[in-house]
Amino acid sequence: MTTCITGTGLYVPPFSISNEELVESFNQYVDNYNEAHADEIANDTIPALQHSSAEFIEKVSGIKSRYVMEKDGILNPEIMAPVIAYRNLGEELSVMAEMGAAALKDALADAGLEANDLDGIILACSNFQRTYPAVAIEIQKEIGMVGGYAYDMNVACSAATFGLSQAHGSIVSGLAKRVAVVNVEITSAHLNWRNRDSHFIFGDVATACIVEELDTPKGYEILNSKLFTEFSTNIKNEYGFMDRSEFLAAETQMYPDIKEPVTDKLFLQNGRKVFREVCPKVSEIILEHLQENDLEPQEVKMMWLHQANANMLDLILRTVMGKEADKAIVPSVIAEFANTSSSSPMVVFHRYKDDLKSGDLGVICSFGAGYSIGSVLVRKV
């Protein structure tokens, strides 16, 4: 018996924002802010905010556009956040479950399966719109899956590969025969769109894949996985259910350092440190994983990497495969989708999985906050 990825699905949100649209909104916000704080800026009490540009964004990230679930609020200089109405839990399907169910139905169709063929659903993401009940269980109900189990898990941008590893392990241990791994990211809601260094990074999307035990393999056989974590605060999002208590504490001067609990706790990263520390470690993990399986880098025909940054993709490719490596080995969707956190390696896998031949070796790899890195070795059947 072998464990295989037999189907993948993709849900693309209804709206796209180009760099030019984003910059126009951001620069208007900057002008409004600088005008409102002209006296403080003139007195050097606070610094003036700086404009951004579409050229700057593409140069530092490779991003040209991103998909989002709501566009008008993001592009409104007075709001600069997605405006998504609350849905009454139990009476209406949550936005996150709606996206995940759509991607999962797509993956089931790709695998030639029905909802009740599944034994489990793992929703592996960076952000969840609620703590409980698990959104995975809501997806389970929405697709009509009776019985089995579903749960949520979070390992930030590495959640997809960690989820694949969990699905594979569940099958090997006998807990299940077919498991769906779903990745839903509404990153537009966790992003501070007023931060010049990061307002352009993320986009929304949902992906799903089917992992199943087969006596006649098909799709991609999962050979094994390698997981790594190491604590770092260079990428973080601290927004959560404790914020109310912490804000009340700040108001009573118990913790006066907390000034703006919303914007202070949204996505933050030290981009230069992340680039310098994460890229070498990702390359090291992939090379170690290959060595542990008696494989040479030259045997790898494709690496579906987390779409964090075009420059990171290029550096990891050259470190693992050599300076003259063919860039087609690391396909990219970052220009169209931007960084979609946990979903990103599965977006690129979904788009390019048919490009390999039978027997070809590939690596699905994700990396992000934690730090966390996951590498999954697969072979085209």
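Procedures and definitions
Each chain has its residues counted from 1, running along the sequence as written. Note on the predicted model: pLDDT of at least 70 is required for a residue's local features to be given, and 80 or more for side-chain atom pairs to be given and counted; whole-chain, interface and lining totals, by contrast, use all residues. Just so you know, side-chain values use all the structure's heavy atoms and leave hydrogens and water out. UniProt positions are given in the numbering used here, feature names are shortened, and annotations may be inferred rather than shown by experiment. Secondary structure elements are defined from DSSP: runs of H or I of at least 4 residues count as helices, runs of E of at least 2 residues count as strands, and each element is numbered from the N terminus. Criterion for a salt bridge: a side-chain nitrogen of Lys or Arg within 4 Å of a carboxyl oxygen of Asp or Glu. Residue burial is assigned from relative accessible area. The probe radius is 1.4 Å, only protein chains are included, and a residue is buried under 20% of its type maximum, exposed over 50%, and partly exposed in between. Strands are labelled as partners when DSSP assigns at least two bridges between them. Each helix should span, by expectation, one fewer than its residue count multiplied by 1.5 Å. Within this analysis, the arc is defined by the directions that extend from the helix axis to the C-beta atoms. We call two residues in contact whenever any of their non-hydrogen atoms come within 4.5 Å of each other. Think of a polar contact as two N or O atoms within 3.5 Å of one another; within protein, one of them needs to be a possible hydrogen donor and the other a possible acceptor, and neighboring residues in sequence only count if both atoms come from side chains. In this analysis, axes come from line fits to C-alpha atoms, helices being fitted only over the stretch in contact, and the angle between any two N-to-C directions falls in the range 0 to 180 degrees. Here is the rule for angles: anything less than 35 degrees is roughly parallel, anything more than 145 is roughly antiparallel, 65 through 115 is roughly perpendicular, and the remaining ranges are oblique. By convention, the crossing between two helices is left-handed when the near helix turns anticlockwise from the far helix through less than a right angle, and right-handed when the turn is clockwise. Residues are grouped as follows: nonpolar covers Ala, Val, Leu, Ile, Met, Phe, Trp, Tyr, Cys and Pro; charged covers Asp, Glu, Lys and Arg; every other residue, Gly included, is treated as polar. For our purposes a nonpolar core is just a set of buried Ala, Val, Leu, Ile, Met, Phe, Trp, Tyr and Cys residues, chained together by side-chain atoms within 4.5 Å. When the centres of two rings from Phe, Tyr and Trp lie within 6.5 Å, Trp using its six-membered ring, the rings pair. Their planes under 30 degrees apart give stacked, over 60 give edge-to-face, and anything left gives tilted. Each ring is checked for a lysine NZ or an arginine CZ that lies within 6 Å of its centre and within 35 degrees of its normal; such an atom marks a charge sitting over the ring.

Trainee: What exactly am I supposed to notice about the UniProt feature "domain: Beta-ketoacyl-[acyl-carrier-protein] synthase III C-terminal" (unreviewed entry) in the protein here?
Mentor: When the UniProt feature table is mapped onto this chain, "domain: Beta-ketoacyl-[acyl-carrier-protein] synthase III C-terminal" (unreviewed entry) is found at residues 290–379. For the annotated span residues 290–379, helix accounts for 31% and strand for 24% of the residues, and the straight-line distance between the end C-alpha atoms is 13 Å.

Trainee: Explain the pattern of salt bridges here, please?
Mentor: Pairs can form between side chains of opposite charge whenever their charged atoms are close. With the rule as written, the count across this model stands at 15 salt bridges. Of the charged contacts in the structure, one is a salt bridge between K236 and E238, with a shortest N-O distance of 3.5 Å. A salt bridge links D314 to K327, with the nearest nitrogen and oxygen atoms 3.7 Å apart. Note that D314 is positioned in helix α11 (residues 310–321) and K327 in the loop between α11 and α12 (334–337), a separation of 13 residues in sequence. Overlapping salt bridges bring together K226, E288 and E292 as one network.

Trainee: Looking at this structure, I do not really get the pairing of strand β7 (residues 205–214). What am I missing?
Mentor: Successive side chains on a regular strand alternate, one facing one side of the sheet and the next facing the other. Summarising burial for β7: 9 of the 10 residues are buried, a large majority. Note: strand β6 (residues 178–185) against β7, 8 bridges, orientation antiparallel. The residue bridging V179 from the neighbouring strand is V211, located in β7.

Trainee: Just to check I follow, could you spell out α11 for this structure?
Mentor: One turn of an α-helix holds 3.6 residues; hence residues three or four places apart share an orientation. Taking 1.5 Å per residue, 12 residues should reach 16 Å; α11 reaches 16 Å between its end C-alpha atoms and fits that length. Of the residues making up α11, those classed as buried are M312, L313, I316, L317, V320 and M321. Viewed end-on, α11 has its buried residues packed into an arc of 135°, placing them on one side of the element. Where the residues of α11 are buried, they touch α10 (271–292), β11 (300–305) and β12 (361–368). The N-cap residue of α11 is N309: its side-chain oxygen and the backbone nitrogen of N311 are 2.7 Å apart. The positive-phi residue at the C-terminal boundary of α11 is G322, with phi of around 110°.

Trainee: Can you help me understand the packing of α10 against α11 in this one?
Mentor: The geometry of a pair of packed helices is captured by two quantities: the angle between their axes and the separation between those axes. Between α10 and α11, the least distance of the axes is 9 Å, while the angle of their chain directions is 40°. The angle between α10 and α11 falls in the class oblique. Once α10 is placed against α11, the crossing between them reads as right-handed. Contacts between α10 and α11 involve V274, F275, V278, C279, V282, S283, I286 and L287 from the first element and N311, M312, L315, I316, T319 and V320 from the second. A class-by-class count of the residues in the contact of α10 with α11 yields 11 nonpolar, 3 polar and no charged.

Trainee: Even after reading the chapter, I still don't get the UniProt feature "domain: Beta-ketoacyl-[acyl-carrier-protein] synthase III N-terminal" (unreviewed entry) in the protein, so can you show me in this structure?
Mentor: Per the UniProt record, the feature "domain: Beta-ketoacyl-[acyl-carrier-protein] synthase III N-terminal" (unreviewed entry) sits at residues 151–229. Secondary structure across residues 151–229 divides into 18% helix and 41% strand, with the first and last C-alpha atoms of the span separated by 21 Å.

Trainee: What is the right way to read the environment of L118 from this model?
Mentor: If you trace the backbone, L118 turns up in the loop between α5 (95–111) and β4 (120–125). Setting aside residues up to four positions removed in sequence, L118 forms contacts with L104, L108, I143, M145, R178, V179, A180 and I210.

Trainee: I would appreciate a short explanation of the nonpolar core in the present structure.
Mentor: Taken as a class, soluble globular proteins show a tendency for nonpolar side chains to be buried jointly. Ranked by size, the top nonpolar core spans 51 residues in total, and within it I286, M303 and F367 carry the most contacts. Of all elements in the fold, only α1 (19–36), α10, β11, α11, β12 and β13 (372–380) reach the threshold of two or more residues within this core. Looking at which element gives the most residues to this core, the answer is α10, with 7 residues. Discounting chain neighbours no more than four positions away, the residues touching I286 are M303, L305, I316, V320, C365 and S375.

Trainee: Would you take a moment to explain the environment of Y239 for this structure?
Mentor: Inspection of the secondary structure assignment puts Y239 in the loop between β9 (235–236) and α8 (243–251). With a relative accessible area of 49%, Y239 lands in the partly exposed category. Separated by 233 residues in sequence, Y239 and T6 place their C-alpha atoms 36 Å apart.

Trainee: So what exactly am I meant to see when it comes to the packing of aromatic side chains here?
Mentor: Any two aromatic rings considered together are summarised by their centre-to-centre distance and by the angle between their planes. Following the criterion strictly, the structure yields 9 aromatic pairs and no others. A centroid spacing of 6.2 Å and a plane angle of 10° characterise the contact between Y149 and Y151, whose relative ring orientation is stacked. Clustering of aromatic rings is evident, with ring pairs tying together F26, Y29 and Y33. Sitting over the face of the ring of F56, R196 holds its NZ or CZ atom 4.5 Å from the ring centroid.

Trainee: Looking at this structure, I do not really get the pairing of β6. What am I missing?
Mentor: Of all the 8 residues making up β6, 7 are buried; the element is thus mostly covered by neighbouring parts of the structure. Pairing analysis gives 4 bridges linking β4 to β6, with the strands arranged parallel. Of the residues in β6, the one forming a bridge with I121 is A180.

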